[in-house]
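Descriptive structure summary
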Amino acid sequence: MSKAKIKPVPDDMHTITPHLIVDGAAAAIGFYQKAFNAQEVMRLPGPNGKLMHATIRIEGSPVMLVDEMPEWGALSPKSLKGSPVTIHIFVEDVDAFVARAVAAGAKITMPVDDMFWGDRYGKLEDPFGHQWSVATQKRQVSMEEMQQAMQNMGA
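Below or above, wherever it landed, is the structure these notes cover. What you see is a predicted model; the values in this text were computed from it and never measured.

This next bit is on the sheet that holds strand S5 (residues 86-90). The strand order across the open sheet built from four strands is S5-S8-S7-S6, with neighbouring strands paired in mixed fashion. Because the sheet does not close on itself, it has two edges, and the strands there are S5 and strand S6 (107-114). Adjacent strand axes in the sheet meet at a mean angle of 15° when their direction is disregarded. As paired strands, S5 and strand S8 (residues 131-137) are joined by five bridges and run parallel to one another. By the bridge assignment for S8, His88 is matched with Ser133.

What follows is the structure, given as structure tokens:
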């Protein structure tokens, strides 16, 4: 009897997947469903009612979540008083995406605008303290054009 070979990366996952620690992971799933049109894939509640693991999909990409558990060293941006990490999302319509997120409770930290690197781009903070950048590519820009634009910014 032969065993099927197990793939090191499951078919429904990417090699790099954000894993967010959230103060209120169940509420965060609801927010991401409203704000980012996320689809819930699974959730695994622990005996204390906290989520031990959950997976959602945003724009087709998986995002894992867990409730904050200080006893395990799992601290959320709220406990850390901020996050040094920004999660980037490419979307079809950045303006509509950001408007929906703001209506659901996200805060704009950088208004959407056309950027020198070719994207229409903006930044958000969700109610749980996680930072998100959102973009729609509008045009392709060469590295030389980007470098020139950067130099012109300092002038």
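Here the narrative resumes, following the displayed structure.
As a further point, take the side chain of Thr55. Inspection of the secondary structure puts Thr55 in strand S3 (residues 51-58). Among the residues examined, Thr55 registers a relative accessible area of 8% and is labelled buried. Looking at Thr55, its side chain comes within polar contact range of the side chain of His53, at 3.2 Å. Discounting chain neighbours no more than four positions away, the residues touching Thr55 are Gln39, Glu40, Val41, Met42, Pro62, Val63 and Met64.

What follows covers the packing of aromatic side chains. Per the counting criterion, the structure on display carries ten aromatic pairs. For the ring pair Tyr32 and Phe128, a centre distance of 6.5 Å and an interplane angle of 55° mean the geometry is tilted. With Tyr32 in helix H1 (residues 25-36) and Phe128 in the loop between strand S7 (119-125) and S8, this pair connects stretches of sequence that are 96 residues apart. Given a relative accessible area of 9%, Phe128 falls into the buried group. Between Phe116 and Trp117, the aromatic rings sit 5.1 Å apart at their centres with planes inclined by 85°, giving edge-to-face as the arrangement. Taken together through their ring pairs, the aromatic side chains of Phe31, Tyr32, Phe36, Phe97, Phe128 and Trp132 make up a single cluster.

Our focus in this paragraph is the side chain of Ser133. Looking at where Ser133 falls in the secondary structure, it is placed in strand S8. On the basis of relative accessibility, which here comes to 3%, the residue Ser133 falls in the buried class. Polar side-chain contacts of Ser133 include one of 2.6 Å to the side chain of His88.

This part takes up the pairing of S8. Look at any regular strand and the pattern is simple: side chains alternate between the two faces of the sheet. In terms of burial, S8 is largely enclosed, as six of its seven residues are buried. Counted between consecutive antiparallel strands, the loop separating S7 from S8 contains five residues, among which Gly129 sits at a positive phi close to 95°.

Alternating positions in strand S1 (residues 19-22) separate cleanly, Leu20 and Val22 being buried on one face and His19 and Ile21 remaining unburied on the opposite face. As paired strands, S1 and strand S4 (residues 61-67) are joined by four bridges and run parallel to one another. Bridged to His19 within S4 is Met64.

We now examine the nonpolar core. Of all hydrophobic cores here, the largest spans 29 residues; its most connected members are Tyr32, Phe36, Ile56, Ile58, Leu65, Leu124 and Trp132. If you list the elements that add at least two residues to this core, you get S1, H1, S3, S4, S5, helix H3 (94-104) and S8. Per element, the largest residue contribution to this core is seven residues, and it comes from H1.

About the thresholds
- Residues numbered from 1 in each chain as written.
- Predicted model: local features only at pLDDT ≥ 70, side-chain atom pairs only at ≥ 80, totals over all residues.
- Heavy atoms only, no water.
- Pairing = 2+ DSSP bridges.
- Helix = DSSP H or I, 4+ residues; strand = E, 2+ residues; numbered from the N terminus.
- Axes fitted to C-alpha atoms, helices over the stretch in contact; angles between N-to-C directions.
- Buried < 20%, exposed > 50% of the residue type's maximum accessible area, 1.4 Å probe, protein only.
- Polar contact = N/O pair within 3.5 Å; in protein donor to acceptor, adjacent residues only side chain to side chain.
- Contact = heavy atoms within 4.5 Å.
- Phe/Tyr/Trp six-rings, centres within 6.5 Å; stacked < 30°, edge-to-face > 60°.
- Core = buried A, V, L, I, M, F, W, Y, C linked by side-chain atoms within 4.5 Å.

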